[in-house]
Number of protein chains: 2
Amino acid sequence: MTTDRDGIIQLSVPMARTLCLDIFRQLAVPDCEATQTAAILLEASLRGIDSHGIALLAVFAERIRSGQIHPGRAPFIRREGPTTAWVDGQHGMGPTLAVAAMTLAMDKARRTGLGAVSLYDGNYVGALAGYVEDPARAGYIALAMANATPRVAPHGGGQGLHGTNPIAWAAPAADGEPLLFDAATGHAAARIGQAADDGSTIPAGIALDPDGRPTTDPFAAAKGTLLPVGGALGYGLGLLVDVLTGGLAAAPMGRCVPPVTALDGPYGCSFFALVIDPDRFGGATGLAADVAVLRESARTSTFFNFLDAVRAPGDRAWETRRKRLAEGIPCTHRRWQGLLQRLVACGLNISRAAAIDRST
Amino acid sequence: MTTDRDGIIQLSVPMARTLCLDIFRQLAVPDCEATQTAAILLEASLRGIDSHGIALLAVFAERIRSGQIHPGRAPFIRREGPTTAWVDGQHGMGPTLAVAAMTLAMDKARRTGLGAVSLYDGNYVGALAGYVEDPARAGYIALAMANATPRVAPHGGGQGLHGTNPIAWAAPAADGEPLLFDAATGHAAARIGQAADDGSTIPAGIALDPDGRPTTDPFAAAKGTLLPVGGALGYGLGLLVDVLTGGLAAAPMGRCVPPVTALDGPYGCSFFALVIDPDRFGGATGLAADVAVLRESARTSTFFNFLDAVRAPGDRAWETRRKRLAEGIPCTHRRWQGLLQRLVACGLNISRAAAIDRST
């Protein structure tokens, strides 16, 4: 780990993992759950989704301390068929529960061709990319969705109706990494937080102020409402996410999802996993070859000048992953100190983390 | 049927159906296929999706005459499991094939909780809304996707990579009509054609000219490329549609989908149907009640002034449907004459249609 002259800490992957495991151990998270959650957070950091990466350690610490998240609570299957399962997450660790749901869906797809698992009381799962990658590497098409606190307005509306409700999917590709897409259907709160930190404005069209008027002021937006991506498209797909997560799970959806910031009560968000075995259709080998051609067609497209190149979904994340595996995960000194302060406020011993900082 | 002083023909539903059936009979389409296709076209017209409604009669006529569409060719199941099917459409009538695929998926969902059907060589299916409505009325969540000629650029790109690749979904709602969403992931060519007809411009950000530069000129856009809706979101979901349609079906996807305008060869587009039985998860009754609450939350949202009200997905279409069932389907005299001319050019007897026109 190194700090450059601009105050950027480069956190090596082993160090970041050790830090996560140390903090989770202090929080009495069982080893297996700690390992799974650390892997999901690290994967997000490696892919460049910093808002969903190791920065979430503080969020997990605060919510475990408050009783919103209960480490050690295993997923409980309420209803099961050859191709489906309805699972009670019992407010356990989100990443552990979501990995279990996706693994169960993949197991069912292996046997029947399709697997769908609906998980409720699943808690915060972080970035969805980490859940669809493994099934795609195993030759399946995987899809994941999660709902969240209703901060996104309906198209044309002025108050929150549903969460940023992300959708991720991945498919095997013969030329290497899976083709992997992961995006929110609502504009991300993280972008607003970043602008507030940087003292910059946010683009027009992504948020409203508390009175429901369009704004470019990140502080007004933070107290206001987010807008769906692409207007009616993000709206319609954001609602699909709510229907397939909270709706299918008989759990909260839309305005009924509790505020994630209410740490004294359960969160009540849901997760949906769908896995498809291409060998039950036109065949996995041909699909992987065709996906590789599709991706190469995207990369070699002519482009116009607002971007420097055309990328396929996931390309930037795979590039970032390779770079960060080699060079470490960058973090500003200010954010790093902010993370440590929140961990200390949870009564955690940060001597290991502080040692990382001192070594710079 | 009436024509008002602005030259708008109001075509009653029985008249429109009779016209469709008469034309299909002349084209030697078997009765059952004619009835199904007429129902799909009429449903699109009733919902206000005029570009995918009875105006398509001319498209069907031209493609049947050219041999691109083969009426009477039934779907052939190439591979089947308890929850999946891979179906060869044999270049038959698109709506008949897509209805068969969705019905098969629903049948599998009834038995196992999930059903997915992949259809290739399915031909043009029209608007997807007509396929997801019936499963939702029967208590299922249904999802439909279709790929098409690659006219939509990847995000940041300057040439077509995939089709406008629509996604439709519907879920049962306790308060009446299903919650139904149907939209393309790429900006629609129909909007450009409409602007060209009206002599107006198109909004910025929906299309590029043949040199890959942004344009608001509908004629330049018609020769150029469409853009994905919502940038990276429409791009990522447009590719998901290609992967689940052409990819899963071992059929053309991306740039490999033939131009739909090449009437002398097969089209080669694909269709994907997914049906989910909520009773295998948290339960259908609760879901329908929750969906009604979600929809009402959307409708009662505060709104800002660029729209006159907040609508739930499908609301405008259900309103239009009620109005058109009562008053007829409006069509400008010019478009009506254009449709008749194309039917005549296919060697069809339009005396029945001409009688409609004379009666105005």
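Criteria and thresholds
Residues numbered from 1 in each chain as written. Chains lettered and ligands numbered in written order. Predicted model: local features only at pLDDT ≥ 70, side-chain atom pairs only at ≥ 80, totals over all residues. Heavy atoms only, no water. Least-squares fit on C-alpha atoms with pLDDT ≥ 70 in both. Helix = DSSP H or I, 4+ residues; strand = E, 2+ residues; numbered from the N terminus. Buried < 20%, exposed > 50% of the residue type's maximum accessible area, 1.4 Å probe, protein only. Contact = heavy atoms within 4.5 Å. Polar contact = N/O pair within 3.5 Å; in protein donor to acceptor, adjacent residues only side chain to side chain. Nonpolar A, V, L, I, M, F, W, Y, C, P; charged D, E, K, R; others polar. Phe/Tyr/Trp six-rings, centres within 6.5 Å; stacked < 30°, edge-to-face > 60°. Lys NZ or Arg CZ within 6 Å of the ring centre and 35° of its normal.

Looking now at the relation of the copies chain B and chain A. Once chain B is rotated about the relating axis by 180° and shifted along it by 0.0 Å, it coincides with chain A to within an RMSD of 0.0 Å. The operation mapping one copy onto its partner corresponds to a two-fold rotation axis. Residue B:Gly230, judged by its C-alpha, is the member of chain B lying nearest the rotation axis, at 1.8 Å.

Our focus in this paragraph is the environment of A:Glu33. Residues and elements named next belong to chain A. Inspection of the secondary structure assignment puts Glu33 in helix 2 (residues 31–46). Among the residues examined, Glu33 registers a relative accessible area of 9% and is labelled buried. Sequence-wise, Glu33 and Pro258 are 225 residues apart; in three dimensions their C-alpha atoms are separated by 24 Å. Once you skip the residues sitting within four places of it in the chain, Glu33 turns out to touch Pro71, Gly72, Arg73, Met93 and Thr96. A distance of 2.8 Å separates a polar side-chain atom of Glu33 from the backbone nitrogen of Gly72.

Listed by partner, the interface residues are 78 residues for chain B and 78 residues for chain A. Where chain B packs against chain A, one counts 16 residue pairs in polar contact (both at pLDDT 80 or more). At the level of elements, strand 4 (84–88), strand 5 (114–120), strand 6 (141–146), strand 7 (166–171), strand 8 (179–184), helix 8 (232–247), strand 11 (271–276) and helix 9 (284–299) of chain B are the ones that each hand at least two residues to the side of chain B that touches chain A. Top contributing element to the side of chain B that touches chain A by residue count: helix 8 of chain B, with twelve residues. When grouped by side-chain class, the residues that make up the side of chain B that touches chain A number 47 nonpolar, 24 polar and seven charged.

Residue and element names in this part refer to chain A. Applying the stated criterion across every chain, the model contains six aromatic pairs over all chains. Summarising the aromatic geometry, the rings of Tyr131 and Phe271 are spaced 5.6 Å apart at their centres and angled 65° between planes, so their arrangement reads as edge-to-face. Placement of Tyr131 in helix 5 (residues 129–137) and of Phe271 in strand 11 (residues 271–276) is noted, with a sequence separation of 140 residues between them. Note on Phe271: relative accessible area 1%, which makes it buried. One Lys or Arg, Arg63, reaches over the ring of Tyr124 and ends 5.8 Å from the middle of that ring.

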